[in-house]
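This is what each chain is made of:
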Amino acid sequence: MILCAQERSVDAASSEEVEWAVSHAQTTFDSGIWSKASSIHRSSVLSRLADSLQRRIPDMARIDTLQTGRPIREMNAQMARLPDWLSVYYAALLRTNQGFVAPTQGKLLNYIQRIPLGVVAQITPFNHPLFIAIKKIAPALAAGNSVIVKPSELTPISLLEFANLTQEAGLPDGVLTILPGYGHITGKQLATHSLVRKVDITAGTRTGRALGAIVGSNLAAFTAELGGKAPILIFDDADVVSAVNGVAFAAFVASGQTCISGTRIIIQENIYESFMTEFLKKIESITQGMGDPMDERCSMGSIISPHHLNRVDDMVARRQSGTVLTGGKRMMGKSLLDNFDFSHGSFYPPTVISDVDVSHELWQEEIFGPVVVVKKFSTESEGVRFANASKYGLGAGVWTQDLSRAHRVAADIDAGLVWVNTHHRNDPSSPWGGMKESGIGRENGIEALEAYSQSKSIIINVASADESRQTDDWFSGEQKRYG
């Protein structure tokens, strides 16, 4: 039994249910009711699904706040963007994306089609329960696949509610299936199934490695958005107020539980003192604004579970180096904002630690909580070196008013996403994915649609029968064109 939100529970799928779901998804795919439907039809269904979701956004935001402990203000803002993935981008892309004709020798017409892969499995995390799922579901459906989603065992309810919207939108039965369950059981069974032709996960790097090996043995496709340890470089010409606001958002939205959270704050020495003064003031205001996540005024919510809270607390407590400037201990007592009792959740304050050695755990490992390390740098090259001193390469930030430096440093940072004078901007048209141990493949954009499909090359001889008799008899003994 998977416990979720308040007064709700969801049964984990049994092994038999997983097998049935995959078989049913394959039968649906083979029927062609969705896989061979026209692009215009699939576009229309995605648009109607977006409209149905739009009407349910307040309900979905409330569900995800109850599941995750994230503030309702955060979830309302995030949910408002979700229909864009379905209608504004992928439904529109289906109506505008064009195939191509390959240049060939002789009288041949060689046109290329994109066709779906088949049954695809998606494994989604707890931190953005519906958002990350929609990012994956939209291109997979647009391409014509049968999609099976295994949501996090901590946050399955919003995705189950979303699935209830598909029938009224006209999505055929068996095209989208939600299978609640545990990763090491349900997720592993999906990943090992021979009928599953692609697995797309958002998870930790260790999980990504393990599942990648399994998926590879089936010769199936694999996309993985994995861990991160995003650096934020703040140069001495940055606007301090803007940088403070941007770094606070990067570090503490979702209580630091995102793979692109700004966790390594690298500040040029001439601006270090002024930045840190304002940054610590900002953190004090965030801490004082913490309370009931359902309160619209709440600034930052809780960690997802007591287990995850203990992990964050232990990593800070056993640090090998560094000085805690603020935070660093689990929150207890009552909220100054609304008298909410912090013992009713897993609350941890925004935490800043200075002087951490770049070889130590707090610098190198993903904490997945509201904990940042800060470090000075002197020259541009040193700052870039600190930024790249990590096995991860998902997101990064640069704050500077020097246009040339912005382009130069963004190019030198080893990350799949680099924001300049902002952070965590996300759009369905913009590719999203990491370098190094932060994953393989990309979400969003045309890349995601193509990753959920495969090319099919069709070559037609358009020469007349008379001409073909003269030119295409290879065994006549005369020199003929080959290939």
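Definitions and cut-offs
Residues numbered from 1 in each chain as written. Predicted model: local features only at pLDDT ≥ 70, side-chain atom pairs only at ≥ 80, totals over all residues. Heavy atoms only, no water. Core = buried A, V, L, I, M, F, W, Y, C linked by side-chain atoms within 4.5 Å. Buried < 20%, exposed > 50% of the residue type's maximum accessible area, 1.4 Å probe, protein only. Helix = DSSP H or I, 4+ residues; strand = E, 2+ residues; numbered from the N terminus. Contact = heavy atoms within 4.5 Å. Pairing = 2+ DSSP bridges. Axes fitted to C-alpha atoms, helices over the stretch in contact; angles between N-to-C directions. Patch = residues over 30% accessible without salt bridge, like charges linked within 9 Å, V, L, I, M, F, W, Y side chains within 5 Å. Areas by Shrake-Rupley, 256 points an atom, 1.4 Å probe, with all protein chains shown as cover. Salt bridge = Lys/Arg side-chain N within 4 Å of Asp/Glu carboxyl O. 1 Å grid on protein atoms, 1.4 Å probe; cavity = no way out; pocket = protein on both sides within 12 Å on 5 of 7 lines; lining within 4 Å. Points joined across faces, edges and corners; volume = space filled by probe spheres on them. Nonpolar A, V, L, I, M, F, W, Y, C, P; charged D, E, K, R; others polar. Right-handed = clockwise from strand over helix to strand, strands pointing away. Parallel < 35°, antiparallel > 145°, perpendicular 65-115°, else oblique. Left-handed = near helix turned anticlockwise from the far one by under 90°. pLDDT = per-residue confidence, 0-100. Phe/Tyr/Trp six-rings, centres within 6.5 Å; stacked < 30°, edge-to-face > 60°. Lys NZ or Arg CZ within 6 Å of the ring centre and 35° of its normal.

Below, the discussion takes up the nonpolar core. Core analysis: the largest hydrophobic core is formed by 47 residues, its most contacted members being Leu-86, Tyr-90, Leu-130 and Phe-162. Broken down by secondary-structure element, the contributors of at least two residues to this core are α2 (39–68), α3 (72–79), α4 (82–96), α5 (129–142), β6 (146–150), α6 (157–163), β7 (176–178) and α16 (445–451). Ignoring anything within four residues of it in the chain, the contact list for Leu-86 reads Leu-46, Leu-49, Ala-50, Leu-53, Ala-91, Ile-134, Ala-138 and Phe-162. In terms of nonpolar packing, the next biggest core, distinct from the first, is built from 34 residues, Phe-126, Ile-303, Trp-363 and Val-384 among them.

To continue, consider the sheet that holds strand β20 (residues 453–461). Taking strand neighbours across the sheet as the criterion, the 3 strands line up as β3-β4-β20 in an open arrangement whose pairing is antiparallel. Taken across any chain shown, the strands that pair with only one partner, and hence form the sheet edges, are β3 (100–102) and β20. Adjacent strand axes in the sheet meet at a mean angle of 35° when their direction is disregarded. Relative to β20, strand β4 (residues 108–116) runs antiparallel, the two sharing 9 bridges. What sits directly across from Pro-116, in β20, is Ser-453.

Here the focus is a nonpolar patch on the surface. Nonpolar side chains collect at one region of the surface, where Val-101, Leu-109, Ile-460 and Val-462 lie side by side and expose about 320 Å² of accessible area between them. Along the chain, Ile-460 turns up in strand β20. We classify Ile-460 as partly exposed; its relative accessible area is 34%.

Another point: empty space enclosed by the protein. Summed over all chains, the structure comprises 4 cavities of 30 Å³ or more. Approximately 100 Å³ is the volume found for the largest cavity. Lining the largest cavity are 13 residues, with His-128, Ile-132, Glu-225, His-424 and Trp-432 sitting closest to its centre. Broken down by element, the residue count for the lining of the largest cavity peaks at 3 residues, all from α5. For the lining of the largest cavity, the residue count by class is 5 nonpolar, 6 polar and 2 charged.

Of all 7 residues in strand β11 (residues 262–268), 7 are buried; the element is thus mostly enclosed. Relative to β11, strand β10 (residues 230–234) runs parallel, the two sharing 5 bridges. Following the sheet pairing, Ile-234 is matched in β11 by Ile-267. Regarding the hand of the β-α-β motif, the stretch spanning β10, helix α10 (residues 240–252) and β11 is right-handed. Pairing of β11 with strand β14 (residues 371–377) involves 5 bridges; the strand directions are parallel. The partner of Ile-265 across the bridge, within β14, is Val-374.

Turning next to the packing of α4 against α5. In the contact formed by α4 and α5, the axes pass within 9 Å of each other and the chain directions differ by 15°. Considering their axes alone, α4 and α5 lie roughly parallel with respect to each other. Once α4 is placed against α5, the crossing between them reads as right-handed. Seen from α4, the contacting residues are Leu-82, Trp-85, Leu-86, Tyr-90 and Leu-94; seen from α5, they are Leu-130, Phe-131, Ile-134, Lys-135, Ala-138, Pro-139 and Ala-142.

Let us look at the environment of Val-196. Along the chain, Val-196 turns up in strand β8 (residues 196–202). By relative accessible area, Val-196 is classed as buried at 1%. Distance in space between the C-alpha atoms of Val-196 and Leu-171 is 20 Å, their sequence separation being 25 residues.

Before going further, it helps to spend a moment on the pattern of salt bridges. Overall, the coordinates contain 22 salt bridges when judged by the stated rule. Between Arg-56 and Asp-59 there is a salt bridge; the shortest N-O distance is 3.0 Å. Within this pair, Arg-56 and its partner Asp-59 are both found in helix α2, separated by 3 residues, close to a single helical turn. Glu-380 is paired through a salt bridge with Arg-405; the nearest N and O atoms lie 3.6 Å apart. Residue Glu-380 is found in helix α14 (residues 380–387), and its partner Arg-405 is found in helix α15 (residues 403–412); the two are separated by 25 residues along the sequence. In this pair, the class of Glu-380 matches that of Arg-405, namely buried. Sharing partners across several salt bridges, the network here consists of Lys-135, Lys-136, Asp-200 and Glu-443.

A water-sized probe rolled over the atoms picks out the places where empty space is left. Each pocket or cavity is described by its volume, and for the largest pocket that value is around 1,200 Å³. Elements with a minimum of two residues in the lining of the largest pocket: α8 (183–192), α9 (205–217) and α12 (306–317). By residue number, the principal contributor to the lining of the largest pocket is α9, which donates 6 residues. For the lining of the largest pocket, the residue count by class is 16 nonpolar, 13 polar and 9 charged. Its volume calculated, the second largest pocket comes out at about 790 Å³. As for the second largest pocket, its lining consists of 27 residues, and the residues nearest its centre are Glu-74, Ala-77, Phe-249, Val-253 and His-424. Of all the secondary-structure elements, those providing two or more residues to the lining of the second largest pocket are α3, α10 and α11 (269–288). Per-class residue counts for the lining of the second largest pocket are 12 nonpolar, 9 polar and 6 charged.

In this section: the confidence of the model for the chain. Per-residue pLDDT for the chain averages 95, and the proportion of residues at 70 or more is 97%. Within the model, pLDDT remains below 50 along residues 1–6, and this stretch shows 25 contacts once partners closer than five positions in the same chain are excluded.

This next bit is on the packing of aromatic side chains. This model, assessed by the stated rule, comprises 11 aromatic pairs. Between Phe-275 and Phe-279, the aromatic rings sit 5.3 Å apart at their centres with planes inclined by 25°, giving stacked as the arrangement. Residue Phe-275 and its partner Phe-279 are both found in helix α11; the two are separated by 4 residues, about one turn of the helix. Comparing Phe-275 with Phe-279, the two get one shared label, buried. Taken together, Phe-252, Phe-275 and Phe-279 form an aromatic cluster joined through their ring pairs. Sitting over the ring of Trp-432, Lys-135 keeps its end group 4.3 Å from the ring centre. Over the aromatic face of Phe-386 sits the side chain of Arg-385, whose NZ or CZ is 5.1 Å from the ring centroid.

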